[in-house]
Amino acid sequence: MLFILDTMVSSDDTPISASSFFGFMGVTMALVLANLGAGYGTFKAGAGIAAIGIWKPEIIMKSLIPVVMAGILGIYGMIVAVLLSQKVKNPLGYSYKSGFAHMASGLCCGCSCIAAGFAIGIVGDVGVRGNAQQERLFVGLILILIFAEALALYGLIVSLILSQS
């Protein structure tokens, strides 16, 4: 498949390389998957906040922490997408190695953010509801959320390392 794409020529007889396609797929995967994780985390934790807001409105502000942490996941994806998009060059001067490395970088960040978004959303929902019933659960909730956010941070760090290739 790569051989076919690598030997294509445009209408003005200039060769077309598919290596930049893989680089831009890395950009897309970083941004789209990270925002998917952020959206799910915000949705799931927001549902818990809405449920407890009816009968304990005084803890709504304290319960917004999971939503903020989920929003940070989208920022991680945007950082990687911007860095990768600046490195994708003219297809003729951009190797397949760089294209694959940038695609792996985007997938690393995006998939890590999806996993973190699911964890933040589910823990945020259940934790906020539990915190409304028992205030002593708050510290444990925050610690679990920090470790869930760390999953995305690990993906961001590895993604930045891969993008340097």
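Conventions adopted
Residues numbered from 1 in each chain as written. Predicted model: local features only at pLDDT ≥ 70, side-chain atom pairs only at ≥ 80, totals over all residues. Heavy atoms only, no water. Helix = DSSP H or I, 4+ residues; strand = E, 2+ residues; numbered from the N terminus. Rg over C-alpha atoms; globule rule 2.2 N^0.38 Å. Buried < 20%, exposed > 50% of the residue type's maximum accessible area, 1.4 Å probe, protein only. Contact = heavy atoms within 4.5 Å. Areas by Shrake-Rupley, 256 points an atom, 1.4 Å probe, with all protein chains shown as cover. Polar contact = N/O pair within 3.5 Å; in protein donor to acceptor, adjacent residues only side chain to side chain. UniProt positions renumbered as here; feature names shortened; annotations may be inferred. Phe/Tyr/Trp six-rings, centres within 6.5 Å; stacked < 30°, edge-to-face > 60°. Expected span 1.5 Å × (residues − 1).

### Here's the deal with the overall build of the protein chain
Helix and strand counts for the protein chain come out as five helices and zero strands. By the compact-globule yardstick of 15 Å for 165 residues, the protein chain is too spread out, its C-alpha radius of gyration being 20 Å. Dimensions of the protein chain, computed from the C-alpha atoms along their principal axes, are close to 70 × 25 × 25 Å. Sorting the 165 residues of the protein chain into buried and exposed places 41% on the buried side. Within the protein chain, residue pairs in contact and separated by at least 24 positions form 81% of the contacts whose partners lie at least 6 positions apart. Summed over its atoms, the accessible surface of the protein chain is roughly 8600 Å², and 76% of this surface lies on carbon and sulfur atoms.

### Topic: the side chain of Ser 19
Within the secondary structure layout, Ser 19 lies in helix α2 (residues 19-53). Take Ser 19: its relative accessible area is 0%, and that puts it in the buried class. At 2.5 Å, the side chain of Ser 19 and the backbone oxygen of Tyr 94 are in polar contact. Setting aside anything within four residues of it in sequence, one finds Ser 19 in contact with Pro 91, Tyr 94, Ser 95, Tyr 96 and Gly 99.

### Structural notes on the UniProt feature "domain: V-ATPase proteolipid subunit C-like" (unreviewed entry) in the protein chain
Taking the UniProt record as the reference, the feature "domain: V-ATPase proteolipid subunit C-like" (unreviewed entry) is found at residues 25-84 and 103-162. A distance of 9 Å separates the end C-alpha atoms of residues 103-162, which is 93% helix and 0% strand.

### Points about the packing of aromatic side chains
Any aromatic ring pair is given by two values, namely how distant the centres are and how the planes are angled relative to each other. Counted according to the given criterion, the structure contains six aromatic pairs. Ring geometry for Phe 21 against Phe 22: centres 5.3 Å apart, planes inclined by 75°, an arrangement best described as edge-to-face. Take Phe 21: its relative accessible area is 47%, and that puts it in the partly exposed class. Phe 22 gets classed as buried once you look at its relative accessible area, which sits at 14%. Ring geometry for Tyr 96 against Phe 100: centres 5.9 Å apart, planes inclined by 35°, an arrangement best described as tilted.

### Here's the deal with the environment of Gly 46
Position of Gly 46 among the secondary structure elements: in helix α2. Here Gly 46 falls in the partly exposed class, since its relative accessible area comes to 25%. For Gly 46 and Asp 125, which are 79 residues apart along the polypeptide, the C-alpha to C-alpha distance reads 7.2 Å.

### Considering helix α3 (residues 65-87)
Look at α3: 34 Å from first C-alpha to last across 23 residues, which is about the 33 Å you get at 1.5 Å a residue. Of all the positions in α3, only Pro 66, Met 69, Ala 70, Leu 73, Gly 74, Tyr 76, Gly 77, Val 80, Ala 81 and Leu 84 are classed as buried. Along its buried surface, α3 packs onto α2, α4 (96-133) and α5 (138-163).

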